[in-house]
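The lines below spell out each chain.
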Amino acid sequence: MSPTRPLWLTAAPVLFLLLWSAGFPIAKIGIAHAEPMTILALRYTAVLVLLAPLALILRPPMPRTFRAGLDVAVTGFLIQVVYFGLCYLAFKSGTSSGTVAIVVCLQPILVALLAPRFAGEKVSPRTWVGLALGLLGAGTVILSHAELKTQGAFGLICTAIALCGMTGAALYEKRFGVTQHPITANLIQYAVGAAVTLPLALATESTRISWDGEFLAVMAYLVLGNSLLAISLLLAMIRAGEVARVSALFYLVPPLAALFAWPLLGEALAPLGWAGMGLAAVGVGLASRRAP
């Protein structure tokens, strides 16, 4: 008899999807107030400021070896710098959100292709069917927005490298990651993010910020929802389950992001988009279902 899954892990996929998906339209709002690297540097620095007092009070255990700490840092670099940094640059360059979404949506397929070699996981036929349905559903949502144009090769290249960053992070975490205290893991990962994005912002951007209530709300969400809770849930799910099944959740991100963009950005979801969202949900259900 298999052990009972903890309640938080059962609820983790839903919480992660909601937090991660809402981050896309919210980040798009933020980019109107500041440049990409400036936003990320401020976001990561704010996380460190929040975590530092907790670390001093709770004194969480540090990684037992240098290699364990390095593995946390590598995962953090791939997510915080490569994935987020290049997605933000793509949006700033004028690449449409639909183009970014459809490229990033290839992540589950890429993970499934590489998982047997790099994470030692065999992907079942049912998972492949679910991945295919998820991709079809996510593509349907994006097509319903008629946003499949790009304004240049730079944004598309940034998005493709961002896709590789998130795929690499998932596979690396599954193969080399070990359970660390959440405060310890976040401190290392966001220190890496700040150490890279802050010099980039100072060297390549004006660092001007349009401070108002809207921007403060955006930063509060990106720091607390995206940076602290969503990333912690993602890494915990990867360590607790097969990486291909966890990656399948990303098929629901574009549909849910489109749903959040409705009230936040005034972008209504067309009827075809609702159909695509349902198809993506069926695909994710198949791909993420545990074998008996």
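Refer to the preceding data block for the structure.
In this text, all values refer to a predicted model and were calculated from it rather than measured experimentally. (Residues numbered from 1 in each chain as written. Predicted model: local features only at pLDDT ≥ 70, side-chain atom pairs only at ≥ 80, totals over all residues. Heavy atoms only, no water.)

### Here we look at the overall build of the chain
A count of helical and extended segments in the chain gives 12 helices and 0 strands. Traced from its N-terminal end to its C-terminal end, the chain shows the element sequence α-α-α-α-α-α-α-α-α-α-α-α. When the 292 residues of the chain are sorted by exposure, 51% land in the buried category. Within the chain, residue pairs in contact and separated by at least 24 positions form 91% of the contacts whose partners lie at least 6 positions apart. For the chain, the accessible surface area stands at approximately 13,300 Å², while carbon and sulfur atoms represent 72% of it. (Helix = DSSP H or I, 4+ residues; strand = E, 2+ residues; numbered from the N terminus. Buried < 20%, exposed > 50% of the residue type's maximum accessible area, 1.4 Å probe, protein only. Contact = heavy atoms within 4.5 Å. Areas by Shrake-Rupley, 256 points an atom, 1.4 Å probe, with all protein chains shown as cover.)

### Section: the nonpolar core
In this structure, Phe-16, Trp-20, Ile-39, Tyr-83, Phe-84, Tyr-88 and Leu-222 are the most contacted members of the largest nonpolar core, which totals 58 residues. Elements that contribute at least two residues to this core include exactly helix H1 (7-31), helix H2 (36-58), helix H3 (66-93), helix H4 (97-104), helix H7 (153-176), helix H8 (182-204), helix H9 (213-240) and helix H11 (253-265). Considering every element that reaches this core, the biggest residue donor is H9, with 13 residues. If we skip the residues at most four places from it in the chain, Tyr-88 touches Ala-27, Ile-31, Pro-36, Ile-39, Leu-40, Arg-43 and Leu-222. (Core = buried A, V, L, I, M, F, W, Y, C linked by side-chain atoms within 4.5 Å.)

### Considering a nonpolar patch on the surface
On the surface, Leu-54, Leu-56, Ile-57 and Leu-58 cluster together to form a nonpolar patch covering roughly 440 Å² of accessible area. A residue is classified by how much of its surface remains accessible, and Ile-57, at 67% relative accessible area, is exposed. (Patch = residues over 30% accessible without salt bridge, like charges linked within 9 Å, V, L, I, M, F, W, Y side chains within 5 Å. Salt bridge = Lys/Arg side-chain N within 4 Å of Asp/Glu carboxyl O.)

### Concerning the packing of aromatic side chains
Inspection of the entire model under this criterion finds 8 aromatic pairs. Pairing Phe-16 with Trp-20 gives two aromatic rings, centres 5.2 Å apart and planes at 35 degrees, and the pair type is tilted. Highlighted residues: Phe-16 and Trp-20, both in helix H1, separated by 4 residues, approximately one helical turn. The exposure class of Phe-16 is buried, given its relative accessible area of 0%. Between the aromatic rings of Trp-20 and Phe-84, the centroid separation amounts to 5.4 Å while the plane-to-plane angle is 45 degrees, which identifies the pairing as tilted. With a gap of 64 residues between them, Trp-20 in helix H1 and Phe-84 in helix H3 connect regions that are remote in the sequence. Each of the two residues, Trp-20 as well as Phe-84, counts as buried. Pairwise contacts between aromatic rings join Phe-16, Trp-20, Tyr-83, Phe-84 and Tyr-88 into one cluster. Taking NZ or CZ as reference, Arg-43 lies 4.4 Å from the ring centre of Phe-84, over its face. Taking NZ or CZ as reference, Arg-67 lies 5.0 Å from the ring centre of Phe-176, over its face. (Phe/Tyr/Trp six-rings, centres within 6.5 Å; stacked < 30°, edge-to-face > 60°. Lys NZ or Arg CZ within 6 Å of the ring centre and 35° of its normal.)

### Quick notes on unusual backbone geometry
Of note, Arg-59 is a non-glycine position whose phi angle comes to about 50 degrees, a positive value. With respect to the helices and strands, Arg-59 occurs in the loop between H2 and H3. Since its relative accessible area comes to 67%, Arg-59 is described here as exposed. Positive phi is not limited to glycine here, since Thr-207 has a value of about 60 degrees. Checked against the element boundaries, Thr-207 lands in the loop between H8 and H9. Overall, Thr-207 belongs to the partly exposed group, its relative accessible area being 34%.

### Describing the environment of Ala-52
The topology assignment puts Ala-52 in helix H2. Judged by relative accessible area, which is 33%, Ala-52 ranks as partly exposed. Note: C-alpha distance between Ala-52 and Ile-183 (131 residues apart in sequence) is 8.8 Å.

### Quick notes on the side chain of Ser-21
Structurally, the position occupied by Ser-21 is in helix H1. On the basis of relative accessibility, which here comes to 0%, the residue Ser-21 falls in the buried class. Look past the residues within four positions of Ser-21 in its chain and what remains in contact with it is Leu-252, Val-253, Leu-256, Ala-257 and Phe-260.

### Remarks on the pattern of salt bridges
Pairing is possible between side chains that carry opposite charge, provided their charged atoms lie close to one another. Going through the model one piece at a time under the given rule, you end up with 1 salt bridge. With its nearest N and O atoms 2.8 Å apart, the salt bridge here joins Asp-71 to Arg-67. Of this pair, Asp-71 and Arg-67 both sit in helix H3, 4 residues apart, which is roughly one turn of that helix.

### Comments concerning the packing of H2 against H8
Contact geometry of H2 with H8 gives a least axis separation of 8 Å together with a crossing angle of 150 degrees. As H2 runs across H8, the sense of the crossing is left-handed. Tallied by class, residues from the contact of H2 with H8 come to 19 nonpolar, 5 polar and no charged. (Axes fitted to C-alpha atoms, helices over the stretch in contact; angles between N-to-C directions. Left-handed = near helix turned anticlockwise from the far one by under 90°. Nonpolar A, V, L, I, M, F, W, Y, C, P; charged D, E, K, R; others polar.)

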